[in-house]
Amino acid sequence: MKKRGKKPELDWETKDQEEIIWVSKSEIKRDAEALKKLGAKLVVLTKTNLEKIPLDSNLLEAIELAQRSVKEAKRRQLQYIGKLLRSTDIEPIQEALDKIENKHNQQQVMLHKLEFMRDDLITKGDEGLADLINEYTQLDRQHLRNLIRSAQKEKEQNKPPKAYREIYQYLKQMIIGD
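Cut-off values and rules
- Residues numbered from 1 in each chain as written.
- Predicted model: local features only at pLDDT ≥ 70, side-chain atom pairs only at ≥ 80, totals over all residues.
- Heavy atoms only, no water.
- UniProt positions renumbered as here; feature names shortened; annotations may be inferred.
- Helix = DSSP H or I, 4+ residues; strand = E, 2+ residues; numbered from the N terminus.
- Buried < 20%, exposed > 50% of the residue type's maximum accessible area, 1.4 Å probe, protein only.
- Areas by Shrake-Rupley, 256 points an atom, 1.4 Å probe, with all protein chains shown as cover.
- Phe/Tyr/Trp six-rings, centres within 6.5 Å; stacked < 30°, edge-to-face > 60°.
- Lys NZ or Arg CZ within 6 Å of the ring centre and 35° of its normal.
- Salt bridge = Lys/Arg side-chain N within 4 Å of Asp/Glu carboxyl O.
- Axes fitted to C-alpha atoms, helices over the stretch in contact; angles between N-to-C directions.
- Parallel < 35°, antiparallel > 145°, perpendicular 65-115°, else oblique.
- Left-handed = near helix turned anticlockwise from the far one by under 90°.
- Contact = heavy atoms within 4.5 Å.
- Nonpolar A, V, L, I, M, F, W, Y, C, P; charged D, E, K, R; others polar.

- Going by the annotation in an unreviewed UniProt entry, the name recorded for the chain is Dual-action ribosomal maturation protein DarP, with Pasteurella bettyae CCUG 2042 given as the source organism.
- Under the heading Sequence similarities (unreviewed entry), UniProt records this for the chain: "Belongs to the DarP family."

Below, the structure is given as structure tokens:
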């Protein structure tokens, strides 16, 4: 029978020993889950947006495969992407992804603003048009006036909102440039 002895004490005073950082299993799991979520965000991006993100070839290949996969295969591929991300510096990837997401949010805000402008034009008529032309001088006053009148008639007669949509498309083209 072996004698149970005291464990050797660590000498905390020596400078040669490396600093030991204790990490809980829960923290490791949370970090792995965060990387999987980052990988999932990368998988849903379009090809043009993926090109804007600094990815190494293995990671890019894994993301493209995940985009083609379904169900269980996709889940396993996301696990693998998370594993690849553990050995990668994710800061530049996260920064690029944040820029893409912020651009999308800004674009959504602008589209909502255009919808509000259109509704404002239809309710205020020529007064709203004058205000809009003062702000955006590149707009064609006569074309917009005709569209506004057509949209008001459509609304009164309960017809399909063709001119209503045309106003939005015209504003989008002239203000945003799409």
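### Describing the overall build of the chain
Part 1: Each helix and strand in the chain was counted, giving eight helices and zero strands.
Part 2: Mapped from its N terminus to its C terminus, the chain presents α and β elements in the order α-α-α-α-α-α-α-α.
Part 3: Across the 178 residues that make up the chain, the buried fraction comes to 28%.
Part 4: Working note: accessible area of the chain is about 13,900 Å², and carbon and sulfur atoms make up 50% of it.

### Here we look at the packing of aromatic side chains
Part 1: Taken as a whole, this structure holds zero aromatic pairs when the rule is applied.
Part 2: Positioned over the ring face of tyrosine 164 is arginine 118, at 3.8 Å from the centre of the ring.

### So, the pattern of salt bridges
Part 1: The tally for this structure, following the rule as stated, stands at six salt bridges.
Part 2: When the shortest N-O distance is used, the salt bridge between glutamate 64 and lysine 47 registers 4.0 Å. Note that glutamate 64 is positioned in helix α3 (residues 57-68) and lysine 47 in helix α2 (residues 47-51), a separation of 17 residues in sequence.
Part 3: Given the relative accessible area of 28%, glutamate 64 is considered partly exposed.

### Focus on the packing of helix α5 (residues 91-124) against helix α8 (residues 162-176)
Part 1: Axis separation between α5 and α8 bottoms out at 9 Å; the angle between their running directions is 130 degrees. In terms of orientation, α5 lies oblique with respect to α8. Crossing hand, α5 versus α8: right-handed. Counting all contacts with α5, which are made through Met110, Leu111, Leu114, Glu115, Met117, Arg118, Asp119, Leu121 and Ile122, the residues of α8 involved are Tyr164, Ile167, Tyr168, Leu171, Lys172, Ile175 and Ile176.
Part 2: Partitioning the contact of α5 with α8 into residue classes produces twelve nonpolar, no polar and four charged.

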